[in-house]
Amino acid sequence: KIVVIGGGAAGAKAASKAKRLDAQNYVEIFTKDVNTSVSLCGLPYYIEGSVKDINDLIIRTPEKFLENGIPVYTKYELQEILPQQNCVIVNHIFYDELILALGAQVYIPDIENVHSKNVFKLRSIEDALLIKEKMQVSKEVLLIGGGYISIELAQAFIKNGLKVKLIEHKNVLLSDFDEEFSKKIQEALASTGKENIELYLGEKVTKFNVSEDNSFKEAVCESGKIISADFCVLSTGIIPNTEIAKKAGIEIGVT
């Protein structure tokens, strides 16, 4: 009996491979999400409009897994691993072998009022639906972060007529690349957006000012600069979900 925790790309592929290698394996997938095998990379393009139906981003449904003899249990969140008992607490499920594919979550920076209304992150279909809904009734958006998702979202919002304000604490976009390449990306983005994009590089946000109903109003930078918008999206990178594994005494590698 092989239990897979996590219904994203890694968990789904591991489950399918385990079943293909030996059809006698009893394989189950447990995921805290509603959907399995979602193309997360396509979410900005749904918001943009080039992907018309968000269901097109679901690669394989639980029903499809079941056709191949792999039951999927959605809305089951892992609470604890008990390695000595070969048991995981999602509902006290016992296993012979356990595959953890817990994925990652958006890194939430230490910004005052970061959990206020109209501050979004993009990590799921549900997030994409909320952002697109807000986009359609807004004129300006603030993006925090200068990585891939932020740039893809910037283009999506510009194509939908919004003014984009992007803050990055480093002095270049896509800082994983060398400075020359990063500057070319910056020039291309500025050319695409023309007057509809403002870049604030080398700025660190310390606080969100909010309205009386706790809705995002503007970002306050360490330099004192204040940048307003109708809503904000955090594109601040991801951190791996390793805490439950650590608690179970599992050795954690490089993350």
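Below is a summary of the structure that appears in this document. All figures in this text were calculated on a predicted structure; none of them were measured in a lab. (Residues numbered from 1 in each chain as written. Predicted model: local features only at pLDDT ≥ 70, side-chain atom pairs only at ≥ 80, totals over all residues. Heavy atoms only, no water.)

1. Focus on the packing of helix H5 (residues 148-159) against helix H6 (residues 179-193)
Moving on, step 1. Two elements in contact, H5 and H6, have axes separated by 10 Å at closest approach and are oriented at 15 degrees. Taken together, the axis directions place H5 and H6 in an arrangement best described as roughly parallel. In the crossing of H5 with H6, the sense of the turn from one axis to the other is left-handed. Touching Ile151, Ala154, Gln155 and Ile158 of H5 are Ile185, Leu189, Thr192 and Gly193, all from H6. (Axes fitted to C-alpha atoms, helices over the stretch in contact; angles between N-to-C directions. Helix = DSSP H or I, 4+ residues; strand = E, 2+ residues; numbered from the N terminus. Parallel < 35°, antiparallel > 145°, perpendicular 65-115°, else oblique. Left-handed = near helix turned anticlockwise from the far one by under 90°. Contact = heavy atoms within 4.5 Å.)

2. Notes on the side chain of Thr242
Moving on, step 1. For Thr242, the position within the fold is in the loop between strand S17 (238-240) and helix H7 (243-247).
Moving on, step 2. Accessibility expressed as a relative area gives 15% for Thr242, which makes it buried.
Moving on, step 3. The contacts of Thr242, once residues within four sequence positions are left out, are Ile252 and Thr255. (Buried < 20%, exposed > 50% of the residue type's maximum accessible area, 1.4 Å probe, protein only.)

3. Details of the sheet that holds strand S13 (residues 205-210)
Moving on, step 1. Here three strands make up an open sheet; going across it, the order is S13-S14-S15 and the pairing antiparallel. Strands with a single pairing partner mark the edges of an open sheet, and in this sheet they are S13 and strand S15 (226-228). The sheet shows a mean angle of 25 degrees between the axes of neighbouring strands, taken without regard to direction.
Moving on, step 2. Where strand S14 (residues 216-221) lies against S15, three bridges are found, and the strand directions are antiparallel. For Ala219, the partnering residue across the bridge sits in S15 and is Ile227. (Pairing = 2+ DSSP bridges.)

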